[in-house]
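Residues per chain, in single letters:
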Amino acid sequence: MNNSLLVVLIASGVAYGTPLLFAALGELLAERSGVLNLGVEGMMLVGAVMGFWTVERVHAGTAVTLVLALAIAAVAGTVMAAIHAFLVITLRANQIVSGLALTIFAGAAGLSSYLGNDLNLADQPASKTFHAFLPSGMQDIPVIGPILFGQNALVYVSWLCVIAVGLYLSRTRPGLNVRAVGESPAAADTMGINVTAYRYAHTLAGGAFAGVAGATVTLAITPQWVDGITGGAGWIAIALVIFAFWRPELCLVGAYFFGALQALAPQLQARNISLGPTTLWTNSLPYVMTILVLVVVSSGTARRRLGAPSALGTAYVREEH
Amino acid sequence: MRISVEQRLKRPRWLAVAVPVCSVVFAFLVAAIVLLATGHNPVSTYRKLFDAAFLQQGSLDQTLIAATPLAFTGLAAAAAFRMKLYNIGAEGQMYMGAITGAAAGLYLGGRGGPSAFVIAAMVVAGCVGGTVWALIPGILRAFFKTNEILTSLLLNYVAGYLLTYLIFESASYWRQTKGFNASVFPTGKPLPHSAVWPGFTIHAQGGITFPLGAGLAVLTAIVLWTLYKRTRFGFEAQVLGDSPRAARYAGVRMRRKILAVMALSGAIAGLGGASQDGDFRHTLDGDPNGLQKQGFGYTGIVVAALGRYNPFAVVLIAFLIGGLENAGNTLQGPSFPAGLVGVIQGIILFSALGGEILTRHRIRVARRRPKIATPAPAQSPEPAA
């Protein structure tokens, strides 16, 4: 029963969806403060390569190494986000072009590839990985076992992050301030909120999340380093934020949905199920579905009720308001 | 000490040239630091880079081969970005143009049509393929207000899978099915001779060959410049980009403009795809490590942004960045760090973006805080910026 296609799809959807979830939570924080960062893919890749590097080079206990790897991946993502933050917040550059520049700079043919090559990381499996750790008795419970208990530690960490981000945005003073900054920076400024500081902090936090998301790919899902290993997950994460109406709990739902779509291709292949040009449509499905969902979400009534932060994508200059 | 940023009243023209030039210099300096930090010698690495890009025997030919697709994707991005339509799907639109262009070449060339006719058909087919693919995000944006950045980008992956599928996973019209090699490693059918685009050789410096595509790219730049500077269409598109509300009040039809500009952008990228078939690859290249690995569509965005969306500047910069890409390709190996070219491109783009602030603002460094309202007797007050 635990090997039936549906259960396996949901269970691996949760696993595959975790990097999407981390990246989407980070992008959500940045966007809530009014900063659109299209560099998620690049930040993820740098986090992925640095996390993998840590695991290959640090010789300590498994748990210590893995936590250190996550920390280094988060720092790497933060450094990447800092470039974007400086350009768009301090220098007021175009957020869209700057984000694209970040993806080109850090992405599959840029810094992440440079680092992966220079640090000799290609063509080797990760020596330590995140894997399911709960007792097998729990993992073998029908249906909910593999889905809820057969996951690696990062999945449970991501659940905590969803709760933390949700509470932060709705129940804490700084969280409410961020939302004010994202909706109306001029009004927030008048209230005495430091718009620049808030935007910097949340853009950097977004980078840290993206770095962890990248490390999730190289340390839990496909434990190795290949140039461009994230394969567009960063872009799907950006779409997820729109799809989730800028709400963390909906990010979780969306991430698992797209995770399951990504798991579909290898699962059908493993089971020798062939449905016409299988590889073509199962590979394309996550991307096509993302587009379809975006269309539904962005048209008409849905957009009006639960729209984007009003100041998203615009620079704030006190003198010009 | 206090640093303040003020808006400039006038934008000096020389800054429009100085900023990109300084960006490039700055990028090479920063990349030199990266190289030093990772134990490479920047001087010898850069020397190798420039030799391979522009100076060695035959290097200019290779640079033109790398620059031609970048000119197309750069122009495609410039055409759309000018109207603040962020079409970053030039990559996928190029694949689609390559698919339709190759279909036209294989079909008409196989029937023995005259070469000029076959080539013209490939150009048209390539444009159509790119246009169709670009109209998907265009229609979604125009009628459903769906973010075109994400849809155009996600379609790149779909087009890539389609390309791979046609050559590797199906017995499609484009795939070579005869011969021993076909059963070992899948490739595309070779284009018939009449569908191969001619090059024009200049007998200077040991001969430089200009591919037909390079000429078409220059022609496209002229057309694009005329369209945006000299026609009502271009003017309206720019107004729509700068101020949608003003354009709406002036009676510009928003949806039509979005569709037209996306179609134009896609057609240029698709033409670049047909040029890949006809000029360089002489088959439909479906290998994930071939055309798809080049990332011409994404580099085109760098080219367009550096050229500040001016078509002629885009063609010039495509040539320079093409040199960089060519050097990155030929030098690939243990002695030359992979990914360096992407790093340099990224930093060039960052510094060009940061430099933009200098063209719009002046930075003033004051020693002390300006005193508050000391009324000076009988002085002509400076006009406030």
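Please read these numbers as outputs of a predicted model, since none were measured by experiment.

Engineer: Would you explain the overall build of chain B in this entry?
Structural biologist: The number of helices and strands found in chain B is 15 helices and four strands. Once the C-alpha set of chain B is aligned to its principal axes, its extents read approximately 95 × 60 × 40 Å.

Engineer: Before we go on, may I ask you to explain the overall build of chain A in this structure?
Structural biologist: Counting its regular elements, chain A contains 15 helices and zero strands. Compactness check: chain A gives a C-alpha radius of gyration of 20 Å against a globular reference of 20 Å for 321 residues, within 12% of the reference. In terms of overall dimensions, chain A has a C-alpha envelope of 60 × 45 × 40 Å along the principal axes. By the burial criterion, 53% of the 321 residues in chain A qualify as buried. Of all intrachain contacts in chain A linking residues separated by at least 6 positions in sequence, the fraction that spans at least 24 positions is 79%.

Engineer: Honestly, the domain arrangement of chain B in this entry has me stumped. Any pointers?
Structural biologist: Interface size, as often reported, equals the accessible area lost upon joining of the parts. Residues and elements named next belong to chain B. On domain assignment, one finds that chain B holds domain 1 (8-40 + 337-363) and domain 2 (63-200 + 207-334). In this complex, domain 1 contributes nine residues to the contact, which on the side of domain 2 involves nine residues. For the side of domain 1 that touches domain 2, the leading source of residues is helix H15 (residues 340-360), giving seven residues. By residue class, the composition of the side of domain 1 that touches domain 2 is eight nonpolar, one polar and no charged.

Engineer: Whenever I open this one, the interface of chain A and chain B confuses me. Can you help?
Structural biologist: Listed per partner, the contact involves 40 residues of chain A and 40 residues of chain B. Sort the elements by how many residues they give to the side of chain A that touches chain B and helix H14 (residues 278-298) of chain A lands first, with 11 residues. Among the residues making up the side of chain A that touches chain B, the classes are represented as 25 nonpolar, 13 polar and two charged.

Engineer: I tried to follow the confidence of the model for chain B on my own but got confused; where do I start?
Structural biologist: Should pLDDT be low for a region, the predicted coordinates there are not to be read in detail. Residues and elements named next belong to chain B. The predicted model of chain B has a mean per-residue pLDDT of 86, with 92% of residues at 70 or higher. Scored below 50 in pLDDT, residues 376-385 makes three contacts in the model with residues more than four places away or belonging to other chains. Note on the complex model: pTM 0.86, ipTM 0.84.

Engineer: Looking at this structure, how should I read the nonpolar core?
Structural biologist: Core analysis: the largest hydrophobic core is formed by 219 residues, its most contacted members being Ala 23, Ala 24, Leu 25 and Leu 240 of chain A together with Leu 75 and Val 314 of chain B. In terms of residue count, the dominant contributor to this core is helix H3 (residues 59-81) of chain B (15 residues). Two domains each donate at least three residues to this core, and these are domain 1 (8-40 + 337-363) and domain 2 (63-200 + 207-334) of chain B. Apart from residues lying up to four places away in sequence, Ala 24 of chain A is in contact with Ala 237, Leu 240, Val 241, Ala 244, Cys 251 and Ala 255 of chain A. With six residues, the next largest nonpolar core counts Ala 180, Val 181, Ala 188 and Tyr 198 of chain A among its residues.

Engineer: For this particular structure, what's the right way to read helix H13 (residues 296-306) of chain B?
Structural biologist: A turn of α-helix holds 3.6 residues, and therefore any two residues three or four places apart point the same way. Residues and elements named next belong to chain B. Judged by how many residues are buried, H13 sits mostly within the fold: 11 of 11 residues are covered. Listed in full, the buried residues belonging to H13 are Phe 296, Gly 297, Tyr 298, Thr 299, Gly 300, Ile 301, Val 302, Val 303, Ala 304, Ala 305 and Leu 306. One or two positions beyond H13, positive phi appears at Arg 308, with a value near 50°.

Engineer: I'm lost on the packing of helix H9 (residues 232-242) of chain B against helix H11 (residues 254-281) of chain B in this one. Help?
Structural biologist: Packed helix pairs are characterised by how far apart their axes lie and by the angle those axes make with each other. All names here are of chain B. Where H9 contacts H11, the axes come no closer than 11 Å and their chain directions differ by 105°. By the angle between their axes, H9 is roughly perpendicular relative to H11. Contacts between H9 and H11 involve Glu 236, Ala 237 and Leu 240 on the former and, on the latter, Met 254, Lys 257 and Val 261. Residues that form the contact of H9 with H11 fall into these classes: four nonpolar, no polar and two charged.

Engineer: Explanation requested: the packing of helix H2 (residues 40-57) of chain A against helix H12 (residues 233-243) of chain A in the structure shown.
Structural biologist: Residues and elements named next belong to chain A. For the pair H2 and H12, interaxial distance at closest approach is 7 Å and the crossing angle is 130°. Looking at the two axes, H2 sits oblique to H12. Note that H2 runs across H12; the crossing there is right-handed. On H12, the residues that touch Val 40, Glu 41 and Met 44 of H2 are Ala 233, Gly 234, Trp 235, Ala 237 and Ile 238. Counted by class, the contact of H2 with H12 contains six nonpolar, one polar and one charged residues.

Engineer: How do you make sense of H12 of chain A when you look at a structure like this?
Structural biologist: Residue and element names in this part refer to chain A. Most of H12 is tucked away: 11 of the 11 residues are buried. Every buried residue belonging to H12 is among Ala 233, Gly 234, Trp 235, Ile 236, Ala 237, Ile 238, Ala 239, Leu 240, Val 241, Ile 242 and Phe 243, and all of these are buried. Where H12 terminates, the next one or two residues include Phe 245, which has phi positive at roughly 50°.

Engineer: What is the right way to read the confidence of the model for chain A from this model?
Structural biologist: The share of residues in chain A with pLDDT of 70 or more is 95%, and the mean pLDDT across the chain is 89. Within chain A, helix H11 (residues 195-221) of chain A carries the highest mean pLDDT (96), whereas helix H15 (residues 301-305) of chain A carries the lowest (55).

Engineer: Any chance you could explain the environment of Val 226 of chain A here in plain terms?
Structural biologist: Residues and elements named next belong to chain A. Note that Val 226 resides in the loop between H11 and H12. Looking at Val 226, the number of C-beta atoms within 10 Å reads 16, which means it is partly exposed. The spacing of Val 226 and Leu 66 is 160 residues in sequence and 19 Å in space, taken between C-alpha atoms.

Engineer: Sorry, what's going on with unusual backbone geometry here?
Structural biologist: Leaving glycine aside, a negative phi is the common case for residues, and trans is the common case for peptide bonds. Positioned with a positive phi, Asp 123 of chain A is a non-glycine residue whose angle comes to about 60°. Take Asp 123 of chain A: it is sitting in the loop between helix H5 (111-118) and helix H6 (136-139). You will see that Lys 84 of chain B, though not glycine, has its phi angle at about 55°, which is positive. With respect to the helices, strands and loops of the structure, Lys 84 of chain B is situated in the loop between H3 and helix H4 (90-110).

Engineer: Looking at this model, I keep getting lost on the environment of Gly 207 of chain A. Mind explaining?
Structural biologist: Here Gly 207 of chain A is to be found in helix H11. It is 19 Å that separates the C-alpha atoms of Gly 207 of chain A and Leu 91 of chain A, two residues lying 116 residues apart in sequence.

Engineer: Looking at this structure, how should I read the environment of Leu 216 of chain B?
Structural biologist: Residues and elements named next belong to chain B. Assignment of secondary structure puts Leu 216 in helix H8 (residues 212-230). For the pair Leu 216 and Ala 71, spaced 145 residues apart in sequence, the C-alpha to C-alpha distance is 9.8 Å. Other than its neighbours up to four places away in sequence, Leu 216 contacts Leu 271 and Ser 275.

Analysis parameters
- Residues numbered from 1 in each chain as written.
- Chains lettered and ligands numbered in written order.
- Predicted model: local features only at pLDDT ≥ 70, side-chain atom pairs only at ≥ 80, totals over all residues.
- Helix = DSSP H or I, 4+ residues; strand = E, 2+ residues; numbered from the N terminus.
- Rg over C-alpha atoms; globule rule 2.2 N^0.38 Å.
- Buried ≥ 20, exposed ≤ 12 C-beta atoms within 10 Å, placed from the backbone.
- Contact = placed C-beta atoms within 7 Å.
- Domains from an automatic or database assignment.
- Nonpolar A, V, L, I, M, F, W, Y, C, P; charged D, E, K, R; others polar.
- pLDDT = per-residue confidence, 0-100.
- Core = buried A, V, L, I, M, F, W, Y, C linked by C-beta atoms within 7 Å.
- Axes fitted to C-alpha atoms, helices over the stretch in contact; angles between N-to-C directions.
- Parallel < 35°, antiparallel > 145°, perpendicular 65-115°, else oblique.
- Left-handed = near helix turned anticlockwise from the far one by under 90°.

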